[in-house]
Amino acid sequence: MQTSVNLNAHRLRAGMVGLGMIFDETYRPLFEQLHREGLYRRGFGFVSVELTAVASRTGVRGERLRQSAGSRLGPFVNCSGDKAIEQLLAQPVDVVCVATPDDRHFDAARRALQAGKHVLIEKPSVLRLQELDELQALAQKQHVLAKVVYHKLADPDHKKLRTHVVEGVLRHVNNGYCSLLEPKQISGQQFAEWITGRNPGTYVAVHYIKLIDFTFGPALPDGARLARIHATGQRGLVGPANGPTWDSVQLQMIYSYPDGREAAFDIHTSWVTPDNFPGYVEQEVQFRFDNGVWNAHQRKRGVEVTVEGQTPHAIKNTPNHHYNATFLEPWGERSQRGYGIEVLHRFFEEAAYVEFGGPADEREERLRQMRALTYNDLSADRPTVATVQAMEAILQRHAAGQPGCVVSVNEPLGGLVLRAPGPAEVEVLYPGSV
Ligand SMILES: NC(=O)c1ccc[n+]([C@@H]2O[C@H](COP(=O)([O-])OP(=O)(O)OC[C@H]3O[C@@H](n4cnc5c(N)ncnc54)[C@H](O)[C@@H]3O)[C@@H](O)[C@H]2O)c1
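Residues numbered from 1 in each chain as written. Predicted model: local features only at pLDDT ≥ 70, side-chain atom pairs only at ≥ 80, totals over all residues.

## Looking at the site of the ligand
Gly 18, Gly 20, Met 21, Ser 56 and Glu 122 are the nearest of the 25 residues found near the ligand. Of all elements in the fold, only α1 (21–37), β3 (45–56) and α3 (84–89) reach the threshold of two or more residues within the shell around the ligand. In terms of residues, the shell around the ligand owes the most to one element, α1, which gives three residues. Within the shell around the ligand, the residues separate by chemical class into 13 nonpolar, six polar and six charged. (Near = placed C-beta within 6 Å. Helix = DSSP H or I, 4+ residues; strand = E, 2+ residues; numbered from the N terminus. Nonpolar A, V, L, I, M, F, W, Y, C, P; charged D, E, K, R; others polar.)

## Topic: the nonpolar core
In this structure, Val 17, Cys 97 and Val 119 are the most contacted members of the largest nonpolar core, which totals 112 residues. The dominant element in this core, judged by the number of residues it contributes, is helix α9 (residues 339–356), at 11 residues. When residues no more than four places from it in sequence are discounted, the contact partners of Cys 97 are Ala 14, Met 16, Val 17, Tyr 27 and Leu 120. (Core = buried A, V, L, I, M, F, W, Y, C linked by C-beta atoms within 7 Å. Buried ≥ 20, exposed ≤ 12 C-beta atoms within 10 Å, placed from the backbone. Contact = placed C-beta atoms within 7 Å.)

## Side note on the domain arrangement of the chain
Assigned domains within the chain: domain 1 (11–150 + 334–372) and domain 2 (156–321). Counting from both sides, the interface comprises eight residues of domain 1 and, opposite them, eight residues of domain 2. Of the residues that constitute the side of domain 1 that touches domain 2, the class distribution is five nonpolar, one polar and two charged. (Domains from an automatic or database assignment.)

## A short note on the packing of helix α6 (residues 156–166) against helix α8 (residues 200–216)
The interhelical angle for the contact between α6 and α8, taken along N-to-C directions, is 30 degrees, at an axis separation of 9 Å. On the basis of their axis angle, the class for α6 and α8 is roughly parallel. When you trace α6 past α8, the crossing you get is right-handed. For the pair formed by α6 and α8, the contact residues are His 158, Leu 161, Arg 162 and Val 165 on the first element and Leu 211, Thr 215 and Phe 216 on the second. For the contact of α6 with α8, a count of residues per class yields four nonpolar, two polar and one charged. (Axes fitted to C-alpha atoms, helices over the stretch in contact; angles between N-to-C directions. Parallel < 35°, antiparallel > 145°, perpendicular 65-115°, else oblique. Left-handed = near helix turned anticlockwise from the far one by under 90°.)

## Let's talk about the pairing of strand β7 (residues 146–149)
Of the two faces of β7, the one carrying Ala 146 and Val 148 and the one carrying Lys 147 and Val 149 are both buried. Pairing of strand β6 (residues 118–122) with β7, which is carried by four bridges, proceeds in the parallel orientation. Looking across to β7, one finds that Glu 122 is bridged to Val 149. (Pairing = 2+ DSSP bridges.)

## Some thoughts on the pairing of strand β8 (residues 173–183)
Judged from the eight bridges that link them, β8 and strand β12 (residues 282–289) form a sheet pairing that is antiparallel. Of the residues in β12, the one forming a bridge with Tyr 177 is Gln 286. One ladder, built from eight bridges, connects β8 with strand β11 (residues 262–273); its direction is parallel. Looking at the pairing, Ser 179 lines up with His 268 of β11.

## Concerning the environment of His 158
You can see His 158 is positioned in helix α6. When the C-alpha positions of His 158 and Leu 211 are compared, they lie 7.8 Å apart, and in sequence the two are 53 residues distant. Excluding its chain neighbours within four sequence positions, the residues that come into contact with His 158 are Lys 152, Leu 153 and Leu 211.

## So, unusual backbone geometry
A cis amide bond, omega -20 degrees, links Lys 123 with the succeeding residue Pro 124. Counting through the fold element by element, Pro 124 comes out in the loop between β6 and α5 (129–142). The step from Thr 311 to Pro 312 runs through a cis peptide bond, and the omega angle for that step is 5 degrees. Topologically, Pro 312 is positioned in the loop between β13 (292–297) and β14 (325–328). The backbone phi angle of His 143 is positive, close to 60 degrees, even though this residue is not glycine.

## Quick notes on the sheet that holds β13
The nine strands are arranged β13-β12-β8-β11-β10-β9-β16-β17-β18 in an open sheet whose pairing can be described as mixed. For this open sheet the edge positions go to β13 and β18 (425–430), each flanked by a neighbour on one side alone. Put simply, the sheet's adjacent strands are angled 15 degrees from each other on average, direction ignored.

## Overview of the environment of Glu 284
When you line up the elements, Glu 284 lands in strand β12. Taking the C-alpha atoms as reference points, Glu 284 and Tyr 177, separated by 107 residues in sequence, lie 8.1 Å from one another. Those residues within four positions of Glu 284 in sequence are excluded, and the remaining contacts are Ser 179 and His 297.

This is the structure:
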């Protein structure tokens, strides 16, 4: 007996806003893989996934993508210019991924949610809690998913750290540091166009802000809660020494436990490290617990390689093949894989589960289950966005000649309250509860 399966019966059509570095590294290999293989899980069956439309500022990258992808992607509409997002939303898309510079996430995500699309946003989701409130309300109203990508939560080392914490092997974190140093080419070339007024903390400390909050924070029954934020930094290389653009940032987040004990985390970031320093991106963490210490160095966990004329630029000296790499598989296939791609794949599984994981009248329950996933739901991104908002406000005050401000969280005057040194001056950055 011959059975025929309609492979197009269930499909998700994706729109991609922003075709920059992160698109090339992670979304593009994902869409190629999904175009080739589709998505399958017993819970929702086979779902075909296609990149249906892309939007960027000039359209040049979309055209380049069309030419270089050949048959690895299906046909897609290339939208550009001031009306790019509008054009993209006029296409029959079910899911919209947003990977524009971080101060442009909100507008694209808001419009996609208003149009009733599931949305996935690159980190940090947005820069202010006021924006997050609006996106969360829209996602509720439109009955769709609104999620954010923090791929470091899918790094096996960070998963094991959290597993130890949840299982009580590592008990009660007291303090820790994280450092992430980017090469100069990020601030000088990659982001030169939108760097004015920006800082490396929002760009990369946010990975660790989320890791700390997700691993030690409110998701745990006796977890700690964000209490205060301090920040300072240096200027003078990317922009003028008295200007609003930061070379490096040192952020401190203080968490408090229900029993009154506190935990403090220092996160150091820079995007002015010399281009030829060994790591390309240098990432290190140390967390100290009541009964242990966790030390991790992201580029010293395995391979060190030298190739004449190729390292450290074309090939990294200490590459992280776990995040994302191209491989010749033992069975002969070429592939590109790693947790940076896995975490996006997982979002498509979540959207497929909502749409196709059972009867239509149970969709709301499936939506509820997927929203309850705190690793990526916008509703669980509040402490991270609060920290970014506080850090940016502190740096802005600093640039305006008032260094040393502190922001406290969920206190009588409001959810985020900034205090400057000197005569009692208070600014409520966010009145509601974080
Ligand atoms: N997960 C990670 O580790 C990681 C790494 C790098 C970047 N990112 C995030 O991804 C996002 C994009 O970073 P990138 O490095 O790819 O940036 P990029 O500068 O390389 O690319 C930005 C893209 O957005 C497009 N764009 C800009 N404004 C737009 C608008 N208004 N409408 C439509 N398109 C617009 C540009 O044309 C370009 O294609 C940022 O939020 C960044 O924080 C994440």
